[in-house]
Structures are given as structure tokens and as C-alpha cells.
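# Examination of the molecular architecture
Here's the letter readout for the chains.
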There are 2 protein chains.
Amino acid sequence: MLIVQKYGGSSVANTERIKIVAQRIVDTYNLNNSLVVILSAQGDTTNELLAKIAEITSTPSKRETDMLLATGEQQSVALMSMAIQSLGYPAVSLNAQQVGISSSVTYSNARIEKIENARILKELAAKNIVIIAGFQGINSHGDITTLGRGGSDTSAVALAASLNANLCEIYTDVDGIYTADPRIVADAQKLTEISYDEMLEMASLGANVLHNRSVELAKKNNIKLVVRSSFVLDKGTVVKEKRKMESVYVSGVVSDSNVATISIIGIKDTPGMAYNIFSALALKKISIDIILQSVGRAGTKDIVFTLAESDLADALEVLGTQDDIITCEEITVNKDVAKLSVIGAGIEANPEVAPIMFGALFHANINISMIATSEIKLSVIIDQKDAKHGVQVVHDALIGENNQL
Amino acid sequence: MLIVQKYGGSSVANTERIKIVAQRIVDTYNLNNSLVVILSAQGDTTNELLAKIAEITSTPSKRETDMLLATGEQQSVALMSMAIQSLGYPAVSLNAQQVGISSSVTYSNARIEKIENARILKELAAKNIVIIAGFQGINSHGDITTLGRGGSDTSAVALAASLNANLCEIYTDVDGIYTADPRIVADAQKLTEISYDEMLEMASLGANVLHNRSVELAKKNNIKLVVRSSFVLDKGTVVKEKRKMESVYVSGVVSDSNVATISIIGIKDTPGMAYNIFSALALKKISIDIILQSVGRAGTKDIVFTLAESDLADALEVLGTQDDIITCEEITVNKDVAKLSVIGAGIEANPEVAPIMFGALFHANINISMIATSEIKLSVIIDQKDAKHGVQVVHDALIGENNQL
């Protein structure tokens, strides 16, 4: 079987961990598998390199930053290859150039465009364990690019797709995907399986285990992903197209505090105002999440919407320069909000999920200011101070031992 | 003018030094020069990486070692490029792959075979200062190689030759080539000029400023080399084909303690014994320096020769396994010796050099056990304990203020 494994920075943070991971790789190889392993940079390497940049300049060139950062992964793969060899097994490390991982031109946040399989297949044919530097590509100028946050996950899934691998295992410092953040909800359950779509919602709503781009790529290429711990021998969570029928309706409860609301009060009630507002924001690539429009005082209406708090400054600047087309009385902002979401492939088919969720929040005295739904998601906006408690009570009501479903 | 500059590891050891060097590079650029800069890894980076290897294995693969070590230079060039950009000047960093520096297959000690100029010329045409990772090449497998000790000097000279540069400046932590090690001889003089051949003898006899391969390459391609300090504004020493006529006869006095003598006593006096001994050593790539053969007791002869102390163990093993062809009474070894050498293009033409040297050693009560001469060199073997004092008295007699020449 051809398996692609990815180990994150904490899994290779020091020599001891490299040796543990090397043994794990060898164990998989010994089960008669062909093995391609993608690594991130060791632990704090990336941050140390960024600190060196900060000593030199506050406005570093992205090209040179990528040139520098890519060395972290190259160091990891060389060290891992040596560790595997020292156990008596054949290994070879390759960087993006040596593999032929072509990316878009954009530095710091490039997309993988094409992967050459020839060198990898040659090394696999020679029975080598192939260790590949994640997070990096080579653009059409022949320069090194990096793939942005979560880039090594994306490298792993892209390689699995290119090589038509049977399985892509993402090894990390958690042992799977949970129904809620175990630091918040003590009885959060580890999921055996989750669908790509549910995982995408989980990731975009605040669960940081897998980066969205890697899940999108896995879904597009139908790559079976497994999220597992590097240090605990455990089955982890399988991410695939469809979950088994008998699995739970609700796969997780997550909260996201990187949310703000903007309220535009007393908009003149003429056609095209909403269009003006949201097209201006879209032009600046600002994503809007939930939108609520209500009738305001005589002849006006109010629009409230949510967006990522990190986009707030940009959004206010856009709205401030649209005075000529957006006529309103007042714009107010609330940063002290959180989005609490329930995710599950069974939500649309099970109308009882929403009332149970709302009831749990009501009984906990948590006020809901906005609601949004999709086929597999139900989100509410609440006060940020209530986020953790909200996750707990909703998890209790929908997933916990005494759930009401 | 097209100038190639090389800065060593100590010159880029920390952010402060990188900024000083960046300013120096910009100053040269501002004099309307095209500039290609070769860098070594920062200060202790290479040693830190070797320490990481040592934690993993005592028998690292040379391929993986090169893959790891090459990241050091890639980090230097990216940081330097940022430092130059932060001064407001255009720069671009390139690794060996991006330039196209082809090397022999041998890991850890590869030779540069070919350099592609296209990318460099394109960047120079765009008025960029081009910063290139030294010490590395890419072999025919597409793998990273390193060039061995002094490799970045070799990278610099090879690039200067390939680009037909007007000048190759080697910036280091000393400000030039001296007539003797200034730590030993207080009144050692900095040379304005030295010939390639003299520099080759200086380097191979213990002056560690320039690596021999880089000097050989400069001589072969007639590249004018300048050795200068990274931190002091000073003209340094020019290394070129011929020195000016008026320059001193003797360009330097050096000692080398990595020397041992092997005495093979009581060799049966039949033809072919010397051939047997030295061909066996040559087969194992052991270089012999000075050879002295004398008549021994009845029907025998003695052979004494010098070699690098680091080759001693290998040499003794070779001799020990040649019992069938080397018939002798005894083999003795002396590691407590040093080679003291006088180098100068004027030595052959000036017969007084040798007697002045021998006289100085005699008056200092330093015993000479072996002597060897070449056109530009005069070497003697003395006790190691006398090496520093010997350098001093010979320097006084041949070069110092009251020299006898």
C-alpha cells in the first residue's frame, strides 16, 4: 500500500521526538508499505527565523522570507532521513525543487499547481522511504515559495493526490478530531469518522487541527485522510466523503472568537443599498458571514452583519469611503461577540437539533443575537464572554452522555 | 566593473555584522559596479547543525549531511538580501540550484564542474545585487553537495571565472596575508602582493587564510584575488600571477605542526624497496612530503619521510600489512616535529636565503633534522617545541627590520 504521512513541527521538535517518529515510520514501512513522509520545520525553527528577520527589517521581502523559511523543512527532512538510516532502513530526503513541486508565483501564500512524480517513484522503486520538505514549492521564476498557514498539510494531501496514494495520515499533537475542544468540554468525544464537509466547517469555525485548503484538496481528489497522534498509538479520526449511517447526527460544537459585528443603522430605504454595501466589501476581498436585515424607524432599515474581527479595520475603511452611496444614520461595531456553531451531516434532516440548541442556551441564560443555518451547520452569535460555557451546554444537550437527541 | 565578493562565516555571524557587510556591499555597488556576493553560513551555524547530527547518529550519510548543511548558506543569503533591501537597494538571493552550480557527484567534498551564468546575468541586468550561497553545488542526481573545507572561497573564485569578473575579493576576519602569523611574530608585515604559487605554498604550509583549491582555480583562470578584512577599510593583499620586481625576495615564514616523521630503519638493501614503500602509501592516497634516504648498518639503508600527522594511522596500517615486501628492522614514529618553511619567488635566485635561515636556527639552538627545497620554498623539519621561536628568528633574519638579505 502507498501511504503518505505528514508530521507537524511539534512531532519533530527535538532529537528525541525525531527518533520516536523515525521508529513509527519504520514500523509502517515494515508492514510492506511504500512510504512518503512530509515534514514541517522543527518546533520553533520558523519563529526563530522570523525573529532573525525582525532584527534586520520590519518590511521583509516575501521572496526572501520564503527563501529563508524553507530551510527549516529542509533541515527536518535531512535529520529524519539520517534517523531512519541509523535504524538500518533506506531513506532519502528531498526538497520541493528535487521533487518538482510547482507552485503559483505568489510568495508566502502560494498554491501548489503541479507535482512531478518521477523522482519520488524512482526512490520508492529503490525501496527508499521518501522524506519530503512540506510547506514549499518552486514558482515559474525558479524561486522558492511557501504555502502559507497549514501549508505542510496541503503538501501532504497534494502529494497523496498526485501519487494516487491509498491513504494520507496527518500526525499531529492531538489524537484526532473531537466533538468539541477538550480544553473546554471535559467529556468531548473523539470522532471515529467525519465527512470532508463537516471537517471544512469545523476547521473554518475554529478547530485548528487541519487547514481548510488541505481538506478541500482531499475532498476534491477523494483522498482518505486520517488525523492521528504522533506519540500515542491510536486509530485517530478518518476524514472521508461520507460517514457511516449509524454515526451521530451532530459531529461537533465549536466556537470562534475572531468575529465582529457591524451594524449599519437607519439606512435610507431605497433599492440597491444592500448591494452597494456588500459589493464594496467584496471588492476588497472581505468575507461576510451572517447578514440580518430588519425594518428600522420610519422609512429606514438596519443591516447587521458579521465578519472576521481581523477584517474589521479594512471593512470600516471601505464603509467610511462610501458616504456618497451608503446613506445611513450610524455605524456601530461589536468585537465582544463569538460565533457558536453545531456541525453535523444530520442537522438538516433532524429539525430537533435547532430547538435543543436554543433551549440549552436559553436555560444557561445566554442571549442569541443572530442565527444562521446551512445543510450541515447551525451558527449563533452570542456574547464572547459566554462562548466557553455555551460550547459546554450545547455539547451536553446534543452530544454528551445525557443528550436530548 | 563586475566584482565578486566573498564574506566568510564570521563576517555574517550576527545581525550587527550582516548590517555592516550590507553597507559595505552597497558602498561598492554605488561606485557603479555590478556585484555578485558569495556568503558562507553564519558563524556557528554549521557546527550547530553538525551537533544535531551527532545527537542522531555517529555515521551520518554524507548525502543527508550536505542536504542539512547547505541550509546554513541559504539562510545567510536570504538575510543579507533583506539587509541590503532595507538600505533601499535591490538584491536577490540565489542558492546553488537557482544559479545552476553543477558539481561532481561526491558528497561532502564535491568539485564545481560547471556554472550557468544565465540567471545571474539576468539579475545583474536588472541592476540587482546578486547574493549567492557558497559552499554548495548540485550533482548529476539533482542532489545537493557541499564543497568541503574552504568551499565558499572556491565558489567565489569559480563564479568569478565563469562570469569573467574583473576582481574577486575575499573578505575575512584578517586584513590580508602576512609574512608570518602575527600571533607569533609581532613585527610580521602585511604583504601588498603575493603570487599564486607563493600563496599556494603558504596555504598548504599552514596559513589558513585562503583554501588551496580556490587559489589553484584563481591561478588557472588568472583571476585577481584580493584578501581583505570585512570590518577594517584597508587595501588587503592582492594575489596574482607575478609580483612586482621590486618586492621582497621572501614573502613569508610559516610553520605547520600537522607533521609526523616515519623512520624505516635497517631496510634490506635490495632494489625496489623504496618503490614498494611509497607505491603502497600512494595507493591509499597518503601524500608524502620530504624523503631522506641514508646508508644504514652493513647491507641496509634507512628511509625517513614526513607526512601529515592526520595521515599517520593510515600510513602505519599500510606499512604493517606490507611485511612480505618491506623487509626492515624497525619502524619508528615521531609526532613531535614541525615543518618550518620560508616562501618566496626570490628564493631560487638568491642563494643567500638558505644559509641565513640555517644560521638563524643554529644561533637559536634549534636543530634541523631534514631539509627540502623547491623553486619558491625552503622547508626544514625541527622539534615541534621550537616551531614558534623558529618562525620568529627566521622572520627576523630574512624579513624583519634588521634582516640580513
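In what follows, the structure referred to is the one given above.
This structure is a prediction, so every number in the text was calculated from the model and none was measured.

Conventions used here
Residues numbered from 1 in each chain as written. Chains lettered and ligands numbered in written order. Predicted model: local features only at pLDDT ≥ 70, side-chain atom pairs only at ≥ 80, totals over all residues. Heavy atoms only, no water. Pairing = 2+ DSSP bridges. Helix = DSSP H or I, 4+ residues; strand = E, 2+ residues; numbered from the N terminus. Axes fitted to C-alpha atoms, helices over the stretch in contact; angles between N-to-C directions. Contact = heavy atoms within 4.5 Å. Salt bridge = Lys/Arg side-chain N within 4 Å of Asp/Glu carboxyl O. Buried < 20%, exposed > 50% of the residue type's maximum accessible area, 1.4 Å probe, protein only. Least-squares fit on C-alpha atoms with pLDDT ≥ 70 in both. Buried area = accessible area lost by both parts, 1.4 Å probe. Polar contact = N/O pair within 3.5 Å; in protein donor to acceptor, adjacent residues only side chain to side chain. Parallel < 35°, antiparallel > 145°, perpendicular 65-115°, else oblique. Left-handed = near helix turned anticlockwise from the far one by under 90°. Nonpolar A, V, L, I, M, F, W, Y, C, P; charged D, E, K, R; others polar. Expected span 1.5 Å × (residues − 1). Patch = residues over 30% accessible without salt bridge, like charges linked within 9 Å, V, L, I, M, F, W, Y side chains within 5 Å. Areas by Shrake-Rupley, 256 points an atom, 1.4 Å probe, with all protein chains shown as cover.

## Let's talk about the sheet that holds strand 17 (residues 330–334) of chain B
All names here are of chain B. In space, the 4 strands of this open sheet follow the order 15-16-14-17, with antiparallel pairing throughout. Since the sheet does not close on itself, it has two edges, and those belong to strand 15 (288–295) and strand 17, each with one partner. Mean inter-strand twist for the sheet, computed between neighbouring axes without regard to direction, equals 15°. Inspection of the sheet shows strand 14 (residues 259–268) paired to strand 17 by 5 bridges, in the antiparallel sense. Following the sheet pairing, Thr261 is matched in strand 17 by Asn334. Contacts from helix 9 (residues 273–283) reach strand 14, strand 15 and strand 16 (300–308) within the one sheet, and its direction differs from that of strand 16 by about 20°. Relative to the sheet, helix 10 (residues 312–320) contacts strand 14, strand 16 and strand 17, its axis offset from that of strand 14 by approximately 15°.

## Here we look at the side chain of Thr15(B)
In this fold, Thr15(B) is placed in helix 1 (residues 15–30). If we skip the residues at most four places from it in the chain, Thr15(B) touches Glu55(A) and Ile56(A).

## With respect to the pattern of salt bridges
On inspection of all chains with the given rule, the structure shows 32 salt bridges over all chains. For Asp143(A), the salt bridge goes to Arg63(A), with nearest N and O atoms at 2.9 Å. Taken as a pair, Asp143(A) in the loop between strand 7 (136–138) and strand 8 (144–146) and Arg63(A) in helix 3 (residues 62–86) lie far apart in primary sequence, 80 residues in all. Assessed through its relative accessible area of 2%, Asp143(A) is described here as buried. Among the ionic contacts, a cluster of salt bridges with common partners joins Arg63(A), Glu64(A), Asp143(A), Arg119(B) and Glu123(B).

## What about the relation of the copies chain A and chain B?
Overlay of chain A on chain B (RMSD 0.2 Å): rotation 179°, translation along the axis 0.1 Å. The transformation relating the two chain copies, once decomposed into turn and shift, fits a two-fold axis. Among all C-alpha atoms of chain A, that of Thr71(A) lies closest to the rotation axis, at 2.6 Å. Both copies share a contact surface, since 100% of the interface residues of chain A are interface residues in chain B too.

## Remarks on the interface of chain A and chain B
With 41 residues of chain A at the interface, the matching set in chain B holds 41 residues. Both faces combined, the contact of chain A with chain B buries some 3300 Å², and carbon together with sulfur accounts for 55% of it. The largest per-residue losses of area from chain A upon contact with chain B belong to Ile56(A), Glu64(A) and Met82(A), which jointly make up 20% of the total buried on that side. Where Arg119(A) meets Asp143(B), a salt bridge forms, and the shortest distance between an N and an O atom there is 2.8 Å. Counting the contacts that link chain A with chain B gives 22 residue pairs in polar contact (both at pLDDT 80 or more).

## A look at the environment of Ser103(B)
Residues and elements named next belong to chain B. You can see Ser103 is positioned in strand 4 (residues 101–103). Beyond its immediate chain neighbours, meaning those up to four positions away, Ser103 contacts Ala110, Arg111, Ile112, Glu113, Gly137, Ile138, Asn139, Ser140 and Thr145. Of the polar contacts made by the side chain of Ser103, one reaches the side chain of Thr145; its length is 2.7 Å.

## Re unusual backbone geometry
Residue and element names in this part refer to chain B. A positive phi angle, near 50°, is found at Asn222, a position not held by glycine. Checked against the element boundaries, Asn222 lands in the loop between helix 8 (212–221) and strand 11 (225–229). Here the phi dihedral of Lys285 falls at roughly 60°; this positive angle occurs in a residue that is not glycine. With respect to the element layout, Lys285 can be found in the loop between helix 9 and strand 15. Here Lys285 falls in the exposed class, since its relative accessible area comes to 75%.

## Some points on the packing of helix 9 of chain B against helix 10 of chain B
Residue and element names in this part refer to chain B. Packing of helix 9 against helix 10 brings their axes to within 10 Å, and their N-to-C directions diverge by 130°. With respect to each other, helix 9 and helix 10 are oriented oblique. With respect to the hand of their crossing, helix 9 and helix 10 are arranged in right-handed fashion. Contacts from Ile277, Ala280 and Leu281 in helix 9 reach Ala315, Val318 and Leu319 in helix 10. When its residues are assigned to classes, the contact of helix 9 with helix 10 shows 6 nonpolar, no polar and no charged.

## Topic: the environment of Met82(A)
Along the polypeptide, Met82(A) turns up in helix 3. Residue Met82(A) is classed as buried on the basis of its relative accessible area of 2%.

## Topic: helix 12 (residues 387–398) of chain A
All names here are of chain A. When the terminal C-alpha atoms of helix 12 are compared, their 16 Å separation across 12 residues agrees well with the 16 Å that a helix rising 1.5 Å per residue should span. Three or more residues of helix 12 are buried, namely Ala387, Gly390, Val391, Val393, Val394, His395, Ala397 and Leu398. Residues of helix 12 that are buried in the fold lie against strand 13 (252–268), strand 16 (330–343), helix 11 (353–363) and strand 18 (377–383).

## Focus on the side chain of Thr146(B)
Tracing the backbone shows Thr146(B) in strand 8 (residues 144–146). According to the relative accessible area criterion, Thr146(B) is buried, its value standing at 2%.

## Description of a nonpolar patch on the surface
There is a patch of nonpolar side chains on the surface, built from Ile20(A), Phe231(A) and Val232(A) and spanning about 230 Å² of accessible area. On the accessibility criterion, Val232(A) (41% relative accessible area) is partly exposed.

## Section: the sheet that holds strand 18 (residues 337–343) of chain B
All names here are of chain B. Spatially, 13-18-20-19 is the arrangement adopted by the 4 strands of the open sheet, whose pairing is antiparallel. In this open sheet, the two edge strands, each paired with only one partner strand, are strand 13 (252–256) and strand 19 (370–374). Shown here is a sheet whose adjacent strand axes are inclined to one another by a mean of 20°, direction ignored. Pairing geometry for strand 18 and strand 20 (residues 377–383), over 7 bridges, is antiparallel. Opposite Leu340, over in strand 20, you have Val380 as the bridge partner. In the packing of helix 11 (residues 353–363) onto the sheet, contacts are made with strand 18, strand 19 and strand 20, and the angle to strand 20 comes to roughly 15°.

## Notes on the packing of helix 2 (residues 45–56) of chain A against helix 3 (residues 62–86) of chain B
At their nearest, the axes of helix 2 of chain A and helix 3 of chain B sit 9 Å apart, and the two run at 25° to each other. Between helix 2 of chain A and helix 3 of chain B, the interaxial angle falls into the category roughly parallel. Of the two possible hands of crossing, helix 2 of chain A and helix 3 of chain B adopt the one that is right-handed. Contacts between helix 2 of chain A and helix 3 of chain B involve Leu49(A), Lys52(A), Ile53(A) and Ile56(A) on the former and, on the latter, Gln75(B), Leu79(B), Met82(B), Ala83(B) and Ser86(B).

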